[in-house]
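Inside the fold
The residues making up each chain are set out below.
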Amino acid sequence: MGRLPAMWAGREITLRVPYTMEGELIVMGSQSGVQFPDATFTNNIDMPFEAHRMIPRVIGLDATSAVQPLQIPETTLMELIRLRIADFGKNVNLVKSPTLINALIKGSSERTWEWADPYYLVRSEGFQVVTDSLALPVWDGNQIPVSPPANPLANLRVTVAFQGFLLQVAPPSNNR
Amino acid sequence: MGTMANSSTNTLQVPGPATKNPATLFKAAQKPMRVVVTNVGGSTLFLAHDTESLTNQPVLTGTYVLPAASGAGSQAVIVLAPMQGLYAVTLGAGGVATIAVSEALPVT
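The rules behind the values
- Residues numbered from 1 in each chain as written.
- Chains lettered and ligands numbered in written order.
- Predicted model: local features only at pLDDT ≥ 70, side-chain atom pairs only at ≥ 80, totals over all residues.
- Helix = DSSP H or I, 4+ residues; strand = E, 2+ residues; numbered from the N terminus.
- Contact = placed C-beta atoms within 7 Å.
- Nonpolar A, V, L, I, M, F, W, Y, C, P; charged D, E, K, R; others polar.
- Core = buried A, V, L, I, M, F, W, Y, C linked by C-beta atoms within 7 Å.
- Buried ≥ 20, exposed ≤ 12 C-beta atoms within 10 Å, placed from the backbone.
- pLDDT = per-residue confidence, 0-100.

So, about the overall build of chain A. The helix and strand inventory of chain A stands at two helices and ten strands. Its helices and strands taken in sequence order, chain A reads β-β-β-β-α-β-β-β-α-β-β-β from the N to the C terminus. Projecting the C-alpha coordinates of chain A onto the three principal axes gives extents of approximately 65 × 30 × 25 Å. In chain A, once contacts between residues fewer than 6 apart in sequence are set aside, the share between residues at least 24 apart is 74%.

Okay, here's the thing in structure tokens:
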């Protein structure tokens, strides 16, 4: 299977199941310390999760939390959110300091944080993801903007997905 | 990575009592960790090692209470066993908790 490891913890990997852990959070502008619920990014399955990438997305919402028909350019939206990511299972931070999403992803064509080596979460290990939002720009989500904005940008929906594979290892175990 | 786990600091918004998702302040990994929790918000902070104690109403049994900050803020030092977590909710809106985490029994 290409360059992917054939073994995990000394045991042969017999099957990879495509898997994603995704969470959504609605934040207002200029907030700090808002975290995804604890269980969102916790591996609660009896198989190791081999994460290959993190996929962050930001969507502009109006005051009723409906998606604005006309969105701000995505690069701008991704400059409005900082993420702090920690793995409680291993007591390590994945970012040194809260980091703008734009600084995590590779570019405008591949908007993911790709990991050259896979990262593993065993059962009950997980990520804590905390968001900071910057001040929102004035933006009218209508096709024909008016002043003041008729459908102003009020909230952001921050979506984070960890994508990879669940591993079936041989022999199977009750613990992992 | 040395033998001593890294210390860390963090400040988090803490949701109100109606939430089904209490804030996770910290979870210990393989080593016991000491957590200094200070209530820096305007509302009473309830701490517990399980989320159920914080989501079942009323919230008192099984929790540790840090009164609302008035000036310096009320503080507690809590030691987490390996793999144990520390969660929080507040009595009202505007809850904020700040934590400083270090290994409970440092080995250098």
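Let's shift gears to the interface of chain B and chain A. On the side of chain A, eleven residues touch chain B, which itself brings eleven residues to the contact. Those elements giving two or more residues to the side of chain B that touches chain A turn out to be β1 (8-14) and β2 (23-27) of chain B. Split into classes, the residues belonging to the side of chain B that touches chain A amount to five nonpolar, five polar and one charged.

With that settled, the discussion passes to the nonpolar core. The biggest cluster of nonpolar side chains holds 54 residues, and the ones touching the most others in it are B:L25, B:A88 and B:A97. The contacts of B:A97, once residues within four sequence positions are left out, are B:L12, B:V14, B:A23, B:L25, B:V37, B:N39, B:V40, B:L45 and B:A88.

Right, let's talk about unusual backbone geometry for a bit. Here the residue pair A:S147 and A:P148 is connected by a cis peptide bond, since its omega of -5° sits within 30 degrees of zero. The linkage connecting B:Q57 with the following residue, B:P58, adopts the cis geometry, with an omega of -5°. Position of B:P58 relative to the elements: it lies in the loop between α1 (52-55) and β5 (64-66). Despite not being glycine, A:A9 shows a phi value in the positive range, around 50°. Checked against the element boundaries, A:A9 lands in the loop between β1 (7-8) and β2 (11-28). In this model, A:N91 sits at a positive phi of 55°, which is unusual for a non-glycine residue. Take A:N91: it is sitting in the loop between β5 (81-87) and β6 (92-93). With 20 C-beta atoms packed within 10 Å, A:N91 lands in the buried category.

Right, let's talk about the confidence of the model for chain B for a bit. Residue and element names in this part refer to chain B. Summing up the model confidence of chain B, the mean pLDDT is 89 and the portion of residues at 70 or higher is 94%. The secondary-structure element of chain B with the lowest mean pLDDT is α1, recorded at 89, while strand β3 (residues 33-39) shows the highest, at 96. On the interface metric, ipTM, the complex scores 0.81, and its pTM is 0.88.

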